[in-house]
Amino acid sequence: MIVAVPAQAQQRIYSGEEAAALRCANTMAFTAVALESTGRLGAAEKEVMLNITVRILDLHVSGTWRQKKAALRIVRDRRDVFETLEDFERYANQCLVQFPIN
């Protein structure tokens, strides 16, 4: 369960499929930024991964963008760098199957 508490908005609790979609989106975004910052991923590839993140959030997570971003911060803060990169290696393909962006 993920609880998002954006400023001046109602608390939003995500669970189940939406929580899984948030975790996938976080994994994609974090990995894209991390790999690009170390020179292992080009800027264009990073943008593709960030666009995938936005599409997952848009299509598979309810709420306002403020609520979704607040929830992403919570997911990000619960996972350390190594856990997030391991999630990417294990689940990136599954994320795209489970949360299609087309």
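Now for a description of the structure that goes with this document. These numbers were taken from a predicted model, which means no experiment stands behind them.

**Brief notes about the overall build of the chain**
Line of reasoning, step 1. When its secondary structure is counted, the chain shows 4 helices and 2 strands.
Line of reasoning, step 2. Put simply, the chain runs from its N terminus to its C terminus through helices and strands in the order β-β-α-α-α-α.
Line of reasoning, step 3. Over its C-alpha atoms the chain spans a radius of gyration of 13 Å, differing by no more than 12% from the 13 Å that the globule rule assigns to 102 residues.
Line of reasoning, step 4. Counting only C-alpha atoms and orienting by the principal axes, one finds that the chain spans roughly 40 × 25 × 20 Å.
Line of reasoning, step 5. Of all 102 residues assigned to the chain, the portion counted as buried reaches 34%.
Line of reasoning, step 6. For the chain, the accessible area works out to roughly 6,200 Å², and carbon and sulfur atoms hold 53% of it.

**What about helix 3 (residues 65–78)?**
Line of reasoning, step 1. Taking 1.5 Å of rise per residue, the 14 residues of helix 3 would be expected to cover 20 Å, and the 20 Å separating its terminal C-alpha atoms lies within 8% of that figure.
Line of reasoning, step 2. Every buried residue belonging to helix 3 is among Gln67, Lys68, Ala70, Ala71, Leu72 and Val75, and all of these are buried.

**Comments concerning the nonpolar core**
As a rule of thumb, nonpolar side chains are buried together in soluble globular proteins.
Line of reasoning, step 1. Counting residues in hydrophobic clusters, the biggest one holds 20 residues, and the most contacted among them are Leu22, Met28, Ile56, Leu57 and Val61.
Line of reasoning, step 2. The element best represented in this core is helix 1 (residues 16–37), accounting for 7 residues.
Line of reasoning, step 3. Residue contacts for Val61: discarding those within four places in its chain leaves Tyr14, Glu18, Ala21, Leu22, Ile56 and Lys68.

**Points about the pattern of salt bridges**
Side chains that carry opposite charge are capable of pairing whenever their charged atoms lie near each other.
Line of reasoning, step 1. Enumeration according to the criterion identifies 6 salt bridges in this entry.
Line of reasoning, step 2. Put simply, Arg79 and Asp87 hold a salt bridge, and the shortest N to O gap is 2.8 Å.
Line of reasoning, step 3. Glu86 serves as the salt-bridge partner of Arg90, at 3.6 Å between the closest nitrogen and oxygen. Taken together, the residues Arg90 and Glu86, both in helix 4 (residues 81–98) and 4 residues apart, mark about one turn of the helix.
Line of reasoning, step 4. Accessibility expressed as a relative area gives 53% for Arg90, which makes it exposed.
Line of reasoning, step 5. One network of salt bridges, with partners in common, ties together Arg23, Arg79 and Asp87.

Here is what the cut-offs are and how they apply
Residues numbered from 1 in each chain as written. Predicted model: local features only at pLDDT ≥ 70, side-chain atom pairs only at ≥ 80, totals over all residues. Heavy atoms only, no water. Helix = DSSP H or I, 4+ residues; strand = E, 2+ residues; numbered from the N terminus. Rg over C-alpha atoms; globule rule 2.2 N^0.38 Å. Buried < 20%, exposed > 50% of the residue type's maximum accessible area, 1.4 Å probe, protein only. Areas by Shrake-Rupley, 256 points an atom, 1.4 Å probe, with all protein chains shown as cover. Expected span 1.5 Å × (residues − 1). Core = buried A, V, L, I, M, F, W, Y, C linked by side-chain atoms within 4.5 Å. Contact = heavy atoms within 4.5 Å. Salt bridge = Lys/Arg side-chain N within 4 Å of Asp/Glu carboxyl O.

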